[in-house]
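Coordinate analysis (summary)
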Amino acid sequence: MIDIKSMTLEEITEALREMGEPAFRGKQVFTWLHRGAASFDEMTNLSKALREKLAEAFFITCPQVACKQVSRLDGTVKYLWKLGDGNCIETVLMHYHHGNTVCISSQVGCRMGCAFCASTIGGKVRNLTASEMLDQVMFTQLDSGEAVSNIVLMGIGEPLDNLDTVLRFLELVNHPEGLNIGMRHISLSTCGLIPGIRRLGELGLQLTLSVSLHAPDSETRSKIMPVNRAYDVEELFGACRWYFQKTGRRISFEYAMIDGVNDHDWQADLIAKNVRGMPAHVNLIPLNDVRESPWKPSRRLSAFQERLESHGLTATVRRSLGGDIDAACGQLRKRAAEAKEGRHL
Ligand code: SAH
């Protein structure tokens, strides 16, 4: 059986042509899929015979809501979806003045091993398919009744560790006959897999690249992000500079502020030194306290922000949304797994 929602319009049209169908059928099926049809039976402008033939060759993914939390503070919605094989992933819907943003996952779990991150605790289970990424956007819209204008690939997983599929997802979600979400409304966040950054740069996509920096010096970064031992931060800054020259797009650096670890003034100075000559935006994130982790949130957010600004850098402090729900990366999935094992929530 083939996952039809992961197929492009051209691929669906070709598959239908091989079944002896005219070209316009491809577009009909594609449109149904991207409106959230859960079965071929819903595709009422196709003959019953064709619907049956399609159901024999293809399947349509359709995640179930395993858990849904709505923040009473700001209306942030967090979904825990149960996928076809029983695995669970998270999606968050956030309301910003510039529109509704969904934060989607790209893998079940993650193998990057960042010390402060809840998504990485059980390792990587598998990559998500393009359809499963698309479903997170589509079914969040359908369930909430709210239109989504922006997507951030900042949920569970490392998107550049599943890049072929992420590129397919981007093509699908960007398609005029599909959800038609523009590249400039999409952000992709990476822990710093340089080959992936180079591939993205070569493609020249107009999406926003976010790089999870978290420390500008190798010693600290290797301590909290094992990926730094493979792709050192010096080299990473070089790749970012190259990416900017190639695409003309400003890079956003994510920086989770950890008490006594990465919140020293000299580290702000080092960031400034390394991003000199390229427009950069540093997004300071109040560390989400993950119970298992020894790291604590920094109390120097404003001081660090001012230090960066004193060097002429743009630095913002990310507003925390969904403080009363498990909205931070990987927390809901982890709690659900714990509950299943009989540990208390
Ligand atoms: N793998 C990608 C995308 C997922 S993580 C990446 O590393 O960028 C999305 C962002 O949340 C990353 O910047 C990540 O470092 C950050 N993050 C993870 N755990 C966090 C925590 N406990 N507190 C604050 N930010 C965290």
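Keep in mind the model is a prediction, meaning the values are calculated, not measured. (Residues numbered from 1 in each chain as written. Predicted model: local features only at pLDDT ≥ 70, side-chain atom pairs only at ≥ 80, totals over all residues. Heavy atoms only, no water.)

**Quick look at the overall build of the protein**
Looking only at helices and strands, one finds 12 helices and 14 strands in the protein. By the compact-globule yardstick of 20 Å for 345 residues, the protein fits well, its C-alpha radius of gyration being 21 Å. Across its three principal directions, the C-alpha atoms of the protein cover 70 × 50 × 35 Å. The 345 residues of the protein split such that 55% are buried. When the accessible surface of the protein is summed, it comes to about 15,100 Å², and 51% of that surface belongs to carbon and sulfur atoms. (Helix = DSSP H or I, 4+ residues; strand = E, 2+ residues; numbered from the N terminus. Rg over C-alpha atoms; globule rule 2.2 N^0.38 Å. Buried < 20%, exposed > 50% of the residue type's maximum accessible area, 1.4 Å probe, protein only. Areas by Shrake-Rupley, 256 points an atom, 1.4 Å probe, with all protein chains shown as cover.)

**Here we look at the environment of R25**
Tracing the backbone shows R25 in helix 2 (residues 24–34). With 13 residues separating them along the chain, R25 and I12 place their C-alpha atoms 8.8 Å apart. Apart from the residues within four sequence positions on either side, R25 is in contact with L16, N45, L46 and L50. (Contact = heavy atoms within 4.5 Å.)

**Notes on the domain arrangement of the protein**
Annotation of the protein at the domain level lists domain 1 (2–59) and domain 2 (67–340). Relative placement of domain 1 and domain 2: their C-alpha centres are 34 Å apart. On the side of domain 2, 15 residues touch domain 1, which itself brings 15 residues to the contact. By the criterion of area lost to domain 2, the three top residues of domain 1 are K5, S6 and H34, representing 44% of everything that side buries. Here domain 1 is connected to domain 2 by three salt bridges. Taking the shortest distance from any N to any O, the salt bridge between D135 and K5 comes out at 2.5 Å. Inspection of the region where domain 1 meets domain 2 yields five residue pairs in polar contact (both at pLDDT 80 or more). (Domains from an automatic or database assignment. Buried area = accessible area lost by both parts, 1.4 Å probe. Salt bridge = Lys/Arg side-chain N within 4 Å of Asp/Glu carboxyl O. Polar contact = N/O pair within 3.5 Å; in protein donor to acceptor, adjacent residues only side chain to side chain.)

**Quick notes on the nonpolar core**
The biggest cluster of nonpolar side chains holds 97 residues, and the ones touching the most others in it are F169, L170 and F253. At seven residues, the largest contribution of residues to this core is made by helix 5 (residues 163–173). Built from parts of two domains, this core gets at least three residues from each of domain 1 (2–59) and domain 2 (67–340). With sequence-adjacent residues up to four places away left out, F169 is seen in contact with I104, A130, M133, L134, V137, I151 and L153. One finds M94, C103, V152 and L321 within the second-largest nonpolar core, a separate group that totals five residues. (Core = buried A, V, L, I, M, F, W, Y, C linked by side-chain atoms within 4.5 Å.)

**Thoughts on the site of the ligand**
With respect to spatial proximity, 18 residues lie near the ligand, and among them F116, S189, S212, H214 and N288 are the closest. In the model, an oxygen atom of the ligand is placed 3.5 Å from a nitrogen or oxygen of the C191 main chain. With respect to the ligand, the side chain of S212 contributes an N or O atom lying 2.6 Å from an oxygen atom. Coverage of the ligand by the protein amounts to 95% of the 540 Å² it exposes when considered alone. Counting only elements with at least two residues in the shell around the ligand, the list comes to strand 10 (186–190) and strand 12 (251–257). (Near = heavy atom within 4 Å.)

**Examining the environment of H311**
Note on placement: H311 falls in the loop between helix 11 (301–310) and strand 14 (314–317). Sequence separation of H311 and T101 is 210 residues, and the distance between their C-alpha atoms is 31 Å. Polar contacts involving the side chain of H311 include one to the side chain of D269, which spans 2.8 Å.

**So, the side chain of R221**
Following the sequence through the fold, R221 ends up in helix 7 (residues 218–224). Look at R221: it is buried, it has no salt bridge, and the nearest opposite charge is D232 at 7.2 Å. Here the side chain of R221 touches N228 through a polar contact of 2.9 Å, side chain to side chain. Ignoring any residue separated from it by four or fewer positions in sequence, one finds R221 in contact with C191, S212, L213, A215, V227, N228, Y231, V233 and L236. (Lys, Arg positive; Asp, Glu negative; His and termini not counted.)

**Let's talk about the packing of aromatic side chains**
As enumerated under the stated definition, the model contains three aromatic pairs in all. For the ring pair Y79 and W81, a centre distance of 4.8 Å and an interplane angle of 15 degrees mean the geometry is stacked. Neither Y79 nor W81 differs from the other in exposure class; each is buried. Plain terms: the ring middles of Y255 and F304 are 5.2 Å apart, the flat faces sit at 20 degrees to each other, and that makes the pair stacked. One end of the pair, Y255, is in strand 12; the other, F304, is in helix 11, with 49 residues separating them in the sequence. Here Y255 and F304 have matching classes, each one buried. Cation over ring: R35 sits above W32, and NZ or CZ is 6.0 Å from the ring centre. The ring of W242 is capped by R198, whose NZ or CZ atom sits 4.8 Å from the centre of that ring. (Phe/Tyr/Trp six-rings, centres within 6.5 Å; stacked < 30°, edge-to-face > 60°. Lys NZ or Arg CZ within 6 Å of the ring centre and 35° of its normal.)

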